[in-house]
Amino acid sequence: GVTSRSAKSSSRIAKGPAPSSFREDGFERKGSEVKMTTEYKNRLIGDDLTKTLQDAKAEPNIDKATGRLRGFRVTRIRENSIYLKTGLQNDDIVEEINGNALTSVAGAMNLLNSLRSENSIEIRVVRNGSPMTFSIGVD
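Throughout what follows, the structure given in this document is the object of discussion. (Residues numbered from 1 in each chain as written. Predicted model: local features only at pLDDT ≥ 70, side-chain atom pairs only at ≥ 80, totals over all residues. Heavy atoms only, no water.)

## Here we look at the overall build of the protein
- Each helix and strand in the protein was counted, giving four helices and nine strands.
- Walking the protein from its N terminus toward its C terminus, one meets helices and strands in the order β-β-β-α-α-β-β-α-β-β-α-β-β.
- Relative to the 2.2 N^0.38 estimate, which gives 14 Å for 139 residues, the radius of gyration of the protein is 15 Å and therefore close to what a compact globule would have.
- Structurally, the protein occupies a C-alpha span of about 45 × 40 × 25 Å along its principal axes.
- Within the protein, buried positions represent 35% of all 139 residues.
- Long-range pairs, those at least 24 residues apart, make up 49% of the contacts in the protein between residues at least 6 apart in sequence.
- Between the averaged position of the 22 positive side-chain charges in the protein and that of its 18 negative side-chain charges there is a distance of 6 Å. (Helix = DSSP H or I, 4+ residues; strand = E, 2+ residues; numbered from the N terminus. Rg over C-alpha atoms; globule rule 2.2 N^0.38 Å. Buried < 20%, exposed > 50% of the residue type's maximum accessible area, 1.4 Å probe, protein only. Contact = heavy atoms within 4.5 Å. Lys, Arg positive; Asp, Glu negative; His and termini not counted. Charge placed at Lys NZ, Arg CZ, Asp CG, Glu CD.)

## As for the packing of aromatic side chains
- Overall, the coordinates contain two aromatic pairs when judged by the stated rule.
- Summarising the aromatic geometry, the rings of Phe 22 and Phe 27 are spaced 6.0 Å apart at their centres and angled 65° between planes, so their arrangement reads as edge-to-face.
- Take Phe 27: its relative accessible area is 2%, and that puts it in the buried class.
- Note on Phe 27 and Tyr 40: the rings are 5.2 Å apart at their centroids and 35° apart in plane angle, and the pair reads as tilted. A residue pair is termed long-range when its members are at least 10 positions apart, and Phe 27 in strand E2 (residues 27–30) and Tyr 40 in helix H1 (residues 38–45) qualify at 13 residues. Tyr 40 matches Phe 27 in its accessibility class, with the two residues each being buried.
- What links up through ring pairs into an aromatic cluster is the set Phe 22, Phe 27 and Tyr 40. (Phe/Tyr/Trp six-rings, centres within 6.5 Å; stacked < 30°, edge-to-face > 60°.)

## Notes on the pattern of salt bridges
- What the rule picks out here adds up to 11 salt bridges.
- Residues Lys 57 and Glu 59 are paired through a salt bridge, measuring 3.6 Å at the closest nitrogen-oxygen approach.
- Taking relative accessible area as the criterion, Lys 57 reaches 42% and is therefore assigned partly exposed.
- With relative accessibility at 27%, the residue Glu 59 sits in the partly exposed group.
- Note that Arg 70 is salt-bridged to Asp 63, the shortest N-O span being 3.5 Å.
- Note on Arg 70: relative accessible area 42%, which makes it partly exposed.
- Three or more residues are tied together by salt bridges with common partners; here these are Asp 63, Arg 70, Glu 95, Glu 96 and Arg 124. (Salt bridge = Lys/Arg side-chain N within 4 Å of Asp/Glu carboxyl O.)

## Let's talk about the pairing of strand E9 (residues 130–138)
- As paired elements, strand E3 (residues 33–36) and E9 share four bridges and run parallel to each other. Paired with Glu 33 across the two strands is Ser 135, which belongs to E9.
- As judged from the eight bridges shared by strand E8 (residues 120–127) and E9, these two strands associate in the antiparallel manner. Each bridged residue has a counterpart across the sheet, and for Arg 127 the counterpart in E9 is Ser 130.
- As consecutive antiparallel partners, E8 and E9 are separated by two residues, and within that stretch Asn 128 has a phi angle of approximately 50°, a positive value. (Pairing = 2+ DSSP bridges.)

## Section: the side chain of Arg 127
- Inspection of the secondary structure assignment puts Arg 127 in strand E8.
- Look at Arg 127 and you get buried, because its relative accessible area is 16%.
- One polar contact links Arg 127 to Asp 92, side chain to side chain, over a distance of 2.7 Å.
- Not counting the four nearest positions on each side in its chain, Arg 127 is found in contact with Gly 87, Leu 88, Gln 89, Asp 92, Met 132 and Phe 134. (Polar contact = N/O pair within 3.5 Å; in protein donor to acceptor, adjacent residues only side chain to side chain.)

Structure below.
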């Protein structure tokens, strides 16, 4: 089928791997290193927060051996979303943010709220069984 580049293109689910780098006004990523401006970050968690939260789905990842929550599996990542721009891919499991293990939904929400004041964010992810770290710097 023919796909048109309309406003709806931003709501499509991303296919395949994230690009190896991405750049736009206020945001730049090379590999797993991200730099963004304070204004860009504040827009993500301020005016655009609803869109930010809707641009991917986070499902609790339950460790089969222990039955405990161990991070969140990211799915339904939308094209042109902050998740794809940062380098995350569908089925990545976000296990840790700034050294804090994600072991409960309430803990994850508290941690996300605490990131509002952080200028350095490190996200530990497991992709296809292999650990990776994404570093985000805000200036």
